[in-house]
Amino acid sequence: MNVVVVGATGRTGSEIVAEASGRGHDVVGVATASDTVEDVRVYPNDDLPELLDDADAVVDFTVPEATREYAGVVAEAGVPYIVGTTGFEESGIEALRAASESTAVLKASNFARGVQALLRVVEAGTEALPDYDVELTETHHNGKRDAPSGTANTILDVVDSAREAELKRTHGREGEHPREESAVGVHVRRAGTIRGEHELMLAGNDEVLTLTHRAESRRVFAAGAVDAAEWLADREPGWYEFGDVL
Ligand SMILES: NC(=O)c1ccc[n+]([C@@H]2O[C@H](COP(=O)([O-])OP(=O)(O)OC[C@H]3O[C@@H](n4cnc5c(N)ncnc54)[C@H](OP(=O)(O)O)[C@@H]3O)[C@@H](O)[C@H]2O)c1
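What you are looking at is a predicted structure, and each value in this text was computed from that prediction instead of being measured.

A word on a negative patch on the surface
Argument step 1. The grouping of Glu-50, Asp-53, Asp-54, Asp-56 and Asp-234 at the surface amounts to a negative patch.
Argument step 2. Mapped onto the secondary structure, Asp-234 falls in the loop between helix H7 (219-232) and strand S13 (238-240).

Structural notes on the sheet that holds strand S2 (residues 26-31)
Argument step 1. One open sheet accounts for eight strands, arranged S3-S4-S2-S1-S5-S6-S7-S13; its pairing is mixed. Looking at strand neighbours, the two that pair on one side only are strand S3 (35-37) and S13, the edges of this open sheet. Adjacent strand axes in the sheet meet at a mean angle of 25°, parallel and antiparallel pairs treated alike.
Argument step 2. Summarising the sheet, strand S1 (residues 2-6) and strand S5 (residues 57-60) pair through four bridges and their orientation is parallel. Paired with Val-4 across the two strands is Val-58, which belongs to S5.

A short note on the site of the ligand
Argument step 1. Around the ligand lies a shell of 24 residues, among which Thr-9, Arg-11, Thr-32, Thr-86 and Phe-111 are the nearest.
Argument step 2. In this structure, Gly-10 approaches the ligand through a main-chain N or O atom, which is 3.0 Å from an oxygen atom.
Argument step 3. Here the ligand has 930 Å² of accessible area as a free molecule, and 76% of this is covered by the chains.
Argument step 4. Those elements that provide at least two residues to the shell around the ligand are helix H1 (11-22) and helix H3 (64-77).
Argument step 5. The class makeup of the residues in the shell around the ligand is nine nonpolar, 12 polar and three charged.

What to know about the sheet that holds strand S10 (residues 183-190)
Argument step 1. Read across the open sheet, the five strands follow the order S9-S10-S8-S11-S12; overall the sheet is mixed. Looking at which strands have only one partner, the edges of the open sheet turn out to be strand S9 (168-171) and strand S12 (207-214). Recorded for the sheet is a direction-independent mean angle of 20° between the axes of neighbouring strands.
Argument step 2. Bridging between S9 and S10 involves four bridges; their strand directions are parallel.

With respect to the pattern of salt bridges
Argument step 1. Per the stated rule, a full pass over the model turns up 14 salt bridges.
Argument step 2. We note a salt bridge from Glu-65 to Arg-145, for which the minimum N-O separation is 3.3 Å. You can see Glu-65 sitting in helix H3 and its partner Arg-145 sitting in the loop between strand S8 (133-140) and helix H6 (150-163), a full 80 residues away along the chain.
Argument step 3. For Glu-65, a relative accessible area of 39% puts it in the partly exposed group.
Argument step 4. Using a relative accessible area of 59% as the deciding quantity, one classes Arg-145 as exposed.

Quick notes on the environment of Thr-62
Argument step 1. Looking at where Thr-62 falls in the secondary structure, it is placed in the loop between S5 and H3.
Argument step 2. For the pair formed by Thr-62 and His-187, sequence separation is 125 residues and the distance between their alpha carbons is 24 Å.
Argument step 3. Here Asp-60 takes part through its side chain, which lies 2.7 Å from a polar atom of the side chain of Thr-62.

What to know about unusual backbone geometry
Argument step 1. Note the cis peptide between Ala-147 and Pro-148, where omega equals -10°.
Argument step 2. Along the chain, the position of Pro-148 falls in the loop between S8 and H6.
Argument step 3. Phi is positive for Asp-39, which is not a glycine, with a value near 65°.
Argument step 4. Here Asp-39 lies in the loop between S3 and strand S4 (40-44).
Argument step 5. Owing to a relative accessible area of 80%, Asp-39 belongs among the exposed residues under this scheme.

Some remarks on the packing of H3 against helix H4 (residues 90-99)
Argument step 1. Two numbers describe how H3 lies on H4: the axes approach to 9 Å, and their chain directions differ by 10°. Between H3 and H4, the angle falls in the class roughly parallel. Taking contact as the criterion, the partners of Thr-67, Arg-68, Ala-71 and Ala-75 in H3 are, on H4, Ser-91, Gly-92, Ala-95, Leu-96 and Ala-99.
Argument step 2. Grouping the amino acids of the contact of H3 with H4 by side-chain chemistry returns five nonpolar, three polar and one charged.

Basis of the calculations
Residues numbered from 1 in each chain as written. Predicted model: local features only at pLDDT ≥ 70, side-chain atom pairs only at ≥ 80, totals over all residues. Heavy atoms only, no water. Patch = residues over 30% accessible without salt bridge, like charges linked within 9 Å, V, L, I, M, F, W, Y side chains within 5 Å. Areas by Shrake-Rupley, 256 points an atom, 1.4 Å probe, with all protein chains shown as cover. Salt bridge = Lys/Arg side-chain N within 4 Å of Asp/Glu carboxyl O. Lys, Arg positive; Asp, Glu negative; His and termini not counted. Charge placed at Lys NZ, Arg CZ, Asp CG, Glu CD. Helix = DSSP H or I, 4+ residues; strand = E, 2+ residues; numbered from the N terminus. Pairing = 2+ DSSP bridges. Axes fitted to C-alpha atoms, helices over the stretch in contact; angles between N-to-C directions. Near = heavy atom within 4 Å. Polar contact = N/O pair within 3.5 Å; in protein donor to acceptor, adjacent residues only side chain to side chain. Nonpolar A, V, L, I, M, F, W, Y, C, P; charged D, E, K, R; others polar. Buried < 20%, exposed > 50% of the residue type's maximum accessible area, 1.4 Å probe, protein only. Parallel < 35°, antiparallel > 145°, perpendicular 65-115°, else oblique. Contact = heavy atoms within 4.5 Å.

Here it is in structure tokens:
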């Protein structure tokens, strides 16, 4: 399979290049400037349309403003598109939805299999304990741009859907700030090289349930993204989820 990795020079993109090459795929990279990563050639953004002529899938772990631009180019070429970038405004999501009318698009806030399992457990736990207070804490490395993480937002969406309510997201607390009954506390930590931790706490009278996922290496995201690329390569245009792959 011919795979184009955009954001190939990045922390996650370079792992995806290594994973896809290691599985025997033909890989080229794209970033803002020419480079090499894992002995794979990285081309500047302007070369992307030409690279798409032979591509079976494009994997994108960049920044929302770059993804919005790539989405139009990839859709025009009709190449299946796997998006791991997080932190989109509504207009970015709309650009991806528009792209999915002409090609297969799979967007996931987290390509770790364990996080997909966590989402199922969060749904079950939140449904089983409808009156318990919910607090979410996420921790990432000091270079992460968006907060809270895309995964945190996905977990909160699952909580809302399990509770059949839109809980008010309280981002940290300061000063006189009693807990509101219908609130969910969201706590963000940024430090060191931590790959990604998410902990959902459900607390009731005299007991606490915590559900935690910890990514120990970016390889886990790379493996999931390449699984998704292999799965998406022959799909019809449309919108797909990582859960479909699993
Ligand atoms: N879904 C998941 O499982 C998952 C897992 C991990 C990370 N992520 C997300 O993936 C994204 C990348 O994370 P990261 O830690 O790998 O970031 P990173 O190390 O900063 O890498 C970003 C990459 O994007 C490229 N880039 C930046 N600005 C660009 C622009 N304007 N146009 C084109 N390319 C641009 C960079 O290329 P240059 O250096 O050449 O500019 C670099 O290759 C983030 O949104 C992060 O939240 C998702």
